[in-house]
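# Coordinates in review
Now for the letters of each chain:
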Amino acid sequence: MTETHENSGTPENEAEWMPRRKFMTRLPAYVGWAAFWTWIAGSSIAAIRYMFPKVRYEPPSKFKIGKIDDYVVDSIDSRWLKEHRILVVRNPEGLYVLKSECTHLGCMVSWFNSETRFKCPCHGSFFDVEGDVIGGPAPGPLVRAAVSLDPTGNIVVDTSQIATGPEDRKKRRFLLRA
Ligand code: FES
């Protein structure tokens, strides 16, 4: 006598159940293989990423900003603010370059002509035209970058050489005389 399923009652239904039963018994193996291949794929992606690390390109610290006559006397020029984060101050004496990062937490300062001062939008520090602090939490003056002329008369700014106080500013490389 052939054994039948209680609800089905026929041997044909028993035959239908066989593949499902087989699948159920093999399910742990399928899950195991899926996990294994997922792990292999993840490891391969990580290995490829390791071979091609993300590189952050910093702007160059040395660059040219044109000739001294390109800058109007008694003006603060912000044309290089976006590209190089500097402000160019031209006065009758010559020209100097201030880095635009506030010395408090590094926000970018802007020049306000009507108030004749640099202002930091983050926590309200103010700086005079020399870059000295006149208010707010900034602990020190704006930093000056070294300036020089190349053989063709172009101004070369070097932000890796900086003057952080009045004594440094007197050094020739921080003021380009007109
Ligand atoms: S970052 Fe300028 S005052 Fe805080």
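As the structure is a computational prediction, the values presented were derived from the model and not from experiment.

## Points about the packing of aromatic side chains
- The tally for this structure, following the rule as stated, stands at 3 aromatic pairs.
- Measuring from centroid to centroid gives 5.7 Å for Trp33 and Phe36, while their planes differ by 90 degrees, and the two rings are edge-to-face. Here Trp33 and its partner Phe36 are both found in helix α1 (residues 11-51), 3 residues apart, which amounts to about one turn of the helix.
- For Trp33, a relative accessible area of 53% puts it in the exposed group.
- A network of ring pairs unites the aromatic residues Trp33, Phe36 and Trp37 as a single cluster.
- Between Arg117 and the ring centre of Phe126, over which it is positioned, the NZ or CZ distance is 4.7 Å.
- Just above the ring of Tyr96 sits the side chain of Arg144; from NZ or CZ to the centre is 3.7 Å.

## Considerations on the layout of surface pockets
- Approximately 220 Å³ is the volume attributed to the largest pocket.
- With 3 residues, helix α2 (residues 81-84) is the largest single contributor of residues to the lining of the largest pocket.
- Estimates place the volume of the second largest pocket at around 190 Å³.
- Lining the second largest pocket we find Asn91, Glu93, Tyr96, Glu130, Arg144, Pro166, Arg169, Lys170, Lys171, Arg172, Leu175 and Arg177.
- Here the residues of the lining of the second largest pocket sort into 3 nonpolar, 1 polar and 8 charged.

## A closer look at the pairing of strand β9 (residues 144-149)
- Of the pairings in the sheet, the one linking strand β4 (residues 94-99) to β9 comprises 2 bridges and is antiparallel in character. Counterpart to Val97 in the pairing with β9 is Ala145.
- Here β9 runs beside strand β10 (residues 155-163); their pairing, made up of 6 bridges, is antiparallel. By the bridge assignment, Leu149 is partnered in β10 with Ile155.
- The antiparallel hairpin formed by β9 and β10 contains 5 residues in its connecting segment, where Gly153 sits at a positive phi of about 90 degrees.

What counts and how
- Residues numbered from 1 in each chain as written.
- Predicted model: local features only at pLDDT ≥ 70, side-chain atom pairs only at ≥ 80, totals over all residues.
- Heavy atoms only, no water.
- Phe/Tyr/Trp six-rings, centres within 6.5 Å; stacked < 30°, edge-to-face > 60°.
- Helix = DSSP H or I, 4+ residues; strand = E, 2+ residues; numbered from the N terminus.
- Buried < 20%, exposed > 50% of the residue type's maximum accessible area, 1.4 Å probe, protein only.
- Lys NZ or Arg CZ within 6 Å of the ring centre and 35° of its normal.
- 1 Å grid on protein atoms, 1.4 Å probe; cavity = no way out; pocket = protein on both sides within 12 Å on 5 of 7 lines; lining within 4 Å.
- Points joined across faces, edges and corners; volume = space filled by probe spheres on them.
- Nonpolar A, V, L, I, M, F, W, Y, C, P; charged D, E, K, R; others polar.
- Pairing = 2+ DSSP bridges.

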